[in-house]
Amino acid sequence: MSRTEAPPLPEPLRVPVADAHTHLDMQDGTVEEALARAAAVNVTTLIQVGCDVKGSHWAAETAAAHASVYAAVALHPNEAPRIVHGDPENSARQGAREGGGAAALHEALAEIDALAALEHVRAVGETGLDYFRTGPEGMAAQEESFRAHIEIAKRHGKALVIHDREAHADVLRVLADAGAPERTVFHCYSGDADMARLCADAGYFMSFAGNMTFKNAQPLRDALAVAPMELVLVETDAPFLTPVPYRGRPNAPYLIPVTLRAMAVVKGVDEDTLASVIADNTARAFDY
C-alpha cells in the first residue's frame, strides 16, 4: 500500500455532516472531485480555511463558486512573524522572503478585514498562537496578529477559528483579555480534559480531527469525553492528520465518517445521534 495512495471511501454516514476545517488548496485533484467524494459519504458542507492572504482570497473565491463551501480567512499564526521578520532561510519551506515589518503585517490584516466582510466568508481563522514552529522572537507578532483577528471577527460578526499549538494558556489569556467573539472554535482541539472544561465554561466550540484516533492521543479522547455534546465539531484539517487506519496517507473531507465513528465510541452514543448534533453545532458555529 503506497503512502501516497488515497484511502478508500468509507461507508457513508446516514446523517449529513460538515467538515469544519479543511484545506482543499493543499489537496490533490479538483475542488469538484473533492466535493463529489465528500457528498458520496454524506459530508455535505465544507469550511475551506485560508492561512495567508493568497490562500484566503482562494478560500473566498471557492466558497463563492460552490454552495456547499464556506470560507474562513486569516493569517496563520506562523505567517505573522514571517511577514514581519521575513524568512530568508526558507525555514518554513514556503519560499524565502524578506521581512516587511509592522507595516507589512497591517497591510495583510487589512486584506483579511476586507475579505471577512464577504457574505460567503463565515469565519476569521485560522488564527491564534503556535509556539511549536515559532520561537520567542516571533511571539509578539503572533499575539498582535491574533488580537487583530479577534477584532476583525467581532466587527463583522463572524466566527473565530483558533489554531493553538503548545500555547494553551496564552491563547486562553488573550481570548479572555481581548474578549472572545460570540462564536469561537478551537480547530484541531489539542488541549486536555481540564482545558476542555475551561473551554466549555466559556462556550467555545471544540473541533476534533483525525489525530484523536491516534494511539498516543488518550488526552484528546479524555477531552472529548468531557466536552459537552453541543460544543463538539468534527474536521479533517486535510490533507493532514489522516485518521487511523490510514494515518500517513493523504487526508480529505470524505474521511470524516472514520473520525466521527471513533468520536461516537468515545462519547458513548450511536453515530447517527452524534452526526445530527454535530451538523447542528457546525451550522450554529458558522452561522449557515
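For the structure itself, consult the block above.
Residues numbered from 1 in each chain as written. Predicted model: local features only at pLDDT ≥ 70, side-chain atom pairs only at ≥ 80, totals over all residues. Heavy atoms only, no water.

## Some thoughts on the nonpolar core
Right, so step 1: Counting residues in each nonpolar core, the largest one holds 86 residues, and the members touching the most others are F146, L175, F186, Y189, M263 and F286.
Right, so step 2: Sorting elements by how many residues they give to this core places helix α4 (residues 101-116) first, with 6 residues.
Right, so step 3: The residues touching L175, leaving out its near neighbours within four places in the chain, are F146, I150, L160, I162, A180, T184, F186 and Y204. (Core = buried A, V, L, I, M, F, W, Y, C linked by side-chain atoms within 4.5 Å. Buried < 20%, exposed > 50% of the residue type's maximum accessible area, 1.4 Å probe, protein only. Helix = DSSP H or I, 4+ residues; strand = E, 2+ residues; numbered from the N terminus. Contact = heavy atoms within 4.5 Å.)

## Topic: the environment of P12
Right, so step 1: Here P12 shows up in the segment before β1 (17-22).
Right, so step 2: With 26 residues separating them along the chain, P12 and A38 place their C-alpha atoms 9.3 Å apart.
Right, so step 3: For P12, the residues in contact, after removing those within four places along its chain, are A40, V41 and R261.

## Some words on helix α9 (residues 256-267)
Right, so step 1: Its 12 residues place the ends of α9 16 Å apart at the C-alpha level, agreeing with the 16 Å of an ideal helix rising 1.5 Å per residue.
Right, so step 2: When we look at burial in α9, the residues that qualify are I256, P257, V258, T259, L260, M263, A264 and K267.
Right, so step 3: Structurally, α9 contributes buried residues whose contacts are with β1, β2 (43-49), β9 (205-208), α8 (218-226), β10 (232-234) and α10 (271-286).
Right, so step 4: Count one or two residues on from α9 and you reach G268, which has phi positive near 70 degrees. (Expected span 1.5 Å × (residues − 1).)

## Quick notes on the packing of aromatic side chains
Right, so step 1: One pass over the full model with this rule turns up 3 aromatic pairs.
Right, so step 2: Note on F186 and Y204: the rings are 5.7 Å apart at their centroids and 35 degrees apart in plane angle, and the pair reads as tilted. Separated by 18 residues along the polypeptide, F186 in strand β8 (residues 184-186) and Y204 in the loop between α7 (193-202) and β9 bring together distant segments of the chain. As far as burial versus exposure is concerned, F186 and Y204 are alike and both buried.
Right, so step 3: For the pair Y189 and F208, a centre-to-centre distance of 5.4 Å together with 45 degrees between the ring planes defines the contact as tilted. Taken together, the residues span a long stretch of sequence, with Y189 in the loop between β8 and α7 and F208 in strand β9 at a distance of 19 residues.
Right, so step 4: Taking NZ or CZ as reference, R165 lies 3.6 Å from the ring centre of F132, over its face. (Phe/Tyr/Trp six-rings, centres within 6.5 Å; stacked < 30°, edge-to-face > 60°. Lys NZ or Arg CZ within 6 Å of the ring centre and 35° of its normal.)

## Let's talk about helix α5 (residues 139-156)
Right, so step 1: Taking 1.5 Å of rise per residue, 18 residues should cover 26 Å, and α5 covers 26 Å from first to last C-alpha, within 8% of that figure.
Right, so step 2: Listed in full, the buried residues belonging to α5 are A141, Q142, E143, S145, F146, H149, I150, I152 and A153.
Right, so step 3: On its buried side, α5 packs onto α3 (79-85), α4, β6 (121-130), β7 (159-165) and α6 (168-178).
Right, so step 4: Backbone geometry just after α5 places G157 at a positive phi near 65 degrees.

## Some points on the sheet that holds β8
Right, so step 1: An order of β1-β2-β3-β6-β7-β8-β9-β10 is seen for the 8 strands of this open sheet, with the pairing classed as parallel. Each edge of the open sheet carries a strand with a single partner, namely β1 and β10. Averaged over all pairs of adjacent strands, the angle between their axes in this sheet comes to 30 degrees, without regard to strand direction.
Right, so step 2: With 6 bridges joining them, β6 and β7 adopt parallel strand pairing. The residue bridging G128 from the neighbouring strand is H163, located in β7. (Pairing = 2+ DSSP bridges. Axes fitted to C-alpha atoms, helices over the stretch in contact; angles between N-to-C directions.)

## Some details on the side chain of R221
Right, so step 1: Along the polypeptide, R221 turns up in helix α8.
Right, so step 2: Of the side chains with opposite charge, D222 comes closest to the buried, unpaired R221, at an N-O distance of 6.6 Å.
Right, so step 3: Those residues within four positions of R221 in sequence are excluded, and the remaining contacts are M212, T213, F214, K215 and V266. (Lys, Arg positive; Asp, Glu negative; His and termini not counted. Salt bridge = Lys/Arg side-chain N within 4 Å of Asp/Glu carboxyl O.)

## Things to note about the pattern of salt bridges
Right, so step 1: Under the defined criterion, the tally for this structure stands at 11 salt bridges.
Right, so step 2: Across the pair R147 and E143 runs a salt bridge whose closest N-O atoms are separated by 3.1 Å. Here E143 and R147 lie together in helix α5, a separation of 4 residues that amounts to about one turn.
Right, so step 3: Owing to a relative accessible area of 19%, E143 belongs among the buried residues under this scheme.
Right, so step 4: One network of salt bridges, with partners in common, ties together E143, R147, D170, R173 and D177.

In short, geometric facts, not functional conclusions.
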